[in-house]
Structures are given as structure tokens and as C-alpha cells.
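# Chains, contacts and geometry: an overview
Listed below are the residues making up each chain.
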Amino acid sequence: MALLVTSLPTTVDLELSDDRKGEILEDNNQGLCVDQLSSICRCLATTGIVTNGGSLAIERQPEKTAAGLVKECIAYHGDNNLHKKFDICRSFKNMSVEERDRIPSLNDLLTSCHQLAGIIVDMNDDLFIVDSQMTIFHQTPCYMPICDYLERFTTYLYTSEHVLVLTCVYMLRLANKIVINSQSIHRVILAAIVVATKMVEDKFPSNQSFSIGGGVENWELNMLEVEMLSLFDFNAMISWEEYNCTVKLLANIQDLE
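As a starting point, this report considers the structure included with it.

Rules used throughout
Residues numbered from 1 in each chain as written. Predicted model: local features only at pLDDT ≥ 70, side-chain atom pairs only at ≥ 80, totals over all residues. Heavy atoms only, no water. Helix = DSSP H or I, 4+ residues; strand = E, 2+ residues; numbered from the N terminus. Buried < 20%, exposed > 50% of the residue type's maximum accessible area, 1.4 Å probe, protein only. Axes fitted to C-alpha atoms, helices over the stretch in contact; angles between N-to-C directions. Left-handed = near helix turned anticlockwise from the far one by under 90°. Contact = heavy atoms within 4.5 Å. Nonpolar A, V, L, I, M, F, W, Y, C, P; charged D, E, K, R; others polar. Phe/Tyr/Trp six-rings, centres within 6.5 Å; stacked < 30°, edge-to-face > 60°. Lys NZ or Arg CZ within 6 Å of the ring centre and 35° of its normal. Salt bridge = Lys/Arg side-chain N within 4 Å of Asp/Glu carboxyl O. Core = buried A, V, L, I, M, F, W, Y, C linked by side-chain atoms within 4.5 Å. Parallel < 35°, antiparallel > 145°, perpendicular 65-115°, else oblique. Expected span 1.5 Å × (residues − 1). Arc of directions from axis to C-beta.

### Remarks on unusual backbone geometry
In this model, D233 sits at a positive phi of 55 degrees, which is unusual for a non-glycine residue. Tracing the backbone through its elements, the reader meets D233 in the loop between α9 (218-231) and α10 (240-256). D233 sits in the exposed class, given a relative accessible area of 60%. The phi dihedral of F234 falls on the positive side, at around 55 degrees, and the residue is not glycine.

Below is the structure:
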């Protein structure tokens, strides 16, 4: 649906000199204050515009949905150039106060991670998966709710806020590589948590402990971890751009659900 604004000049200067402020633009007997016209044109920066002679058709942009935002983030995390900028020597413990304040609380992160995983699964569950798309992550579905599955790690394995953020980064990145659906989501989360924990924590549980918490055999977890790293070309580095993008996504996803 387009809102048609008629009788406007084809081009309008957004910056007005002082002597033109308050000037009345008379065009086809339409009285428009230049200040008003300038305000209208500034709004065009966030809309789609179709110019037709002296008329401007302003396309109303659809409101973003959680699924649409997730799709944008999946595409963003597929940029391999982003994965080369992370300085692992800069510990998360040395983050500035401003950077820490942007990270949601642990309970909010659990809710947001659950919603993010659910959106990704919903986008793919109706897709037909051919044999060539099946991976070690695609096994018999686990019917434990994703929120309960995530809480197992924060409760028994002391998974931190930073690890949860990195887990979501890896989920978004992996969504460019494989089909994440009900058959694979729990194993994807498990492998992502293991890799994320080893990336940011000085001390972490053994794979045996993770396998017990994740409900798989130790040998299977080892294979899941290697397969995830292989899909990442053994580059688990994360840029601050990726990290901050994911934090913003997790902070806003609840409002868009």
C-alpha cells in the first residue's frame, strides 16, 4: 500500500538556508511550509520512494518480525570475513562497562536463546531433507523442550552469559551450512555450547561431563564437536561485530515475538 503525496517538486533540497526557513511553497494551490516539506523528505530516508513526475509515492515498509530479523542475522553471520577479526587475547572479563550493560541477564538470555532456536526450527521443519543434507546432527528428535535443555547447562555445568551469546552466534553461523530442524537442534546446541565454552572460559568441564548433561555418549559428542569445527573450517573465532549483532538480536527478539 502506498501513501501518495501529490503536488510536490520532483527534487527537494533537504538542507535549507536560513533565509528560506518558513517560506511557503506554492504549487498547484497547495500551501506547504518548507519546514514541513523538509520534515517529510527526511522521513523518506527510511521508506521506499517511487517518483512519478511531481508526485512521490511513499511505500510503507512492513514491520519487522522476529523470523525476518533472524533471517537477516543468519545471512550476516555467513560472511566469512567477519570470522577473522576476533582477538582471543582480549578476555571477556576485560569488557568495558558499556559492553557489559548491553548483555541481557542470564534468565533473559535463556528465554531469547530458546526463542531463537525455535524460530530457526520453525523455518526448516517443513522443508524436505534429502540424504545429501543429512549430517551427524540429524538423529532421532529429542522431545525435551529447548528451554529445559538449555537450563541443564546453566544449572549443572555453570554455562555463563557469554557462552550463551557465542552459542547463538554459532547457531546462526551453522544455519548457513546445514538445515537446523527438530532432528538436529539439540545436538547443534550441545556442540555449540561445548565449542563456545572452550573459546572463552579458562576452566571448563570435560567432554564427559558435557555428554552427560547433553544426553549423548562421549564419543558422539566428540564427533559433533569435530563436525561443527569442520563446517567452520576450524575457525571458531568471532568478531566483535558478530558478538554485538547477536546481543542486539537477543535483546530485541522477545519484543518481536
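### Thoughts on the packing of helix α5 (residues 146-156) against helix α8 (residues 207-214)
Viewed as axis vectors pointing N to C, α5 and α8 meet at an angle of 145 degrees, and their least axial separation amounts to 9 Å. In the packing of α5 onto α8, the handedness of the crossing is right-handed. Contacts between α5 and α8 involve Y149, R152 and F153 on the former and, on the latter, F210, I212, G213 and G214. Its residues assigned to classes, the contact of α5 with α8 comprises 4 nonpolar, 2 polar and 1 charged.

### Structural notes on the packing of aromatic side chains
Using the criterion set out here, one finds 3 aromatic pairs in the structure. Judged by centre distance (5.3 Å) and plane angle (80 degrees), the ring pair of Y149 and F153 falls under edge-to-face. Pair noted here: Y149 and F153 are both in helix α5, with a separation of 4 residues, about one helical turn. For the pair Y149 and F153, a shared accessibility class is recorded, and that class is buried. One cation-aromatic arrangement involves R173 over F232; the distance from NZ or CZ to the ring centre is 5.2 Å.

### Brief notes about the pattern of salt bridges
Using the criterion set out here, one finds 3 salt bridges in the structure. Across the pair R173 and E242 runs a salt bridge, and its minimum N-O distance is 3.1 Å. On the criterion of sequence distance, the pair formed by R173 in helix α6 (residues 161-174) and E242 in helix α10 is long-range, its members being 69 residues apart. Both residues of the pair, R173 and E242, count as buried.

### A closer look at the nonpolar core
One finds V70, L116, Y170, I189 and M228 to be the most contacted residues of the largest nonpolar core, which totals 57 residues. At the level of elements, α2 (66-77), α4 (106-124), α5, α6, α7 (185-200), α9 and α10 are the ones that each hand at least two residues to this core. Setting aside anything within four residues of it in sequence, one finds M228 in contact with F137, L174, V188, A191, A192 and V195.

### Things to note about the environment of Y156
As for its position among the elements, Y156 is in helix α5. Separated by 54 residues in the primary sequence, Y156 and F210 place their C-alpha atoms 9.6 Å from one another.

### Observations regarding the packing of α7 against α9
Where α7 contacts α9, the axes come no closer than 9 Å and their chain directions differ by 75 degrees. When the axes of α7 and α9 are compared, the pair comes out roughly perpendicular. Contacts from R187, V188, L190, A191, A192, V194, V195 and K198 in α7 reach E220, L221, L224, E225, M228 and L229 in α9. Grouping the constituent residues of the contact of α7 with α9 by class yields 10 nonpolar, no polar and 4 charged.

### With respect to α9
Between the first and last C-alpha of α9 there are 20 Å, a value that for 14 residues agrees with the 20 Å anticipated at 1.5 Å per step. Listed as buried for α9 are E220, L221, L224, E225 and M228. The buried residues of α9 occupy one face: seen down the axis, they fall within an arc of 140 degrees. On its buried face, α9 is in contact with α6, α7 and α8. Within two residues after α9, D233 carries a phi angle of roughly 55 degrees, on the positive side.

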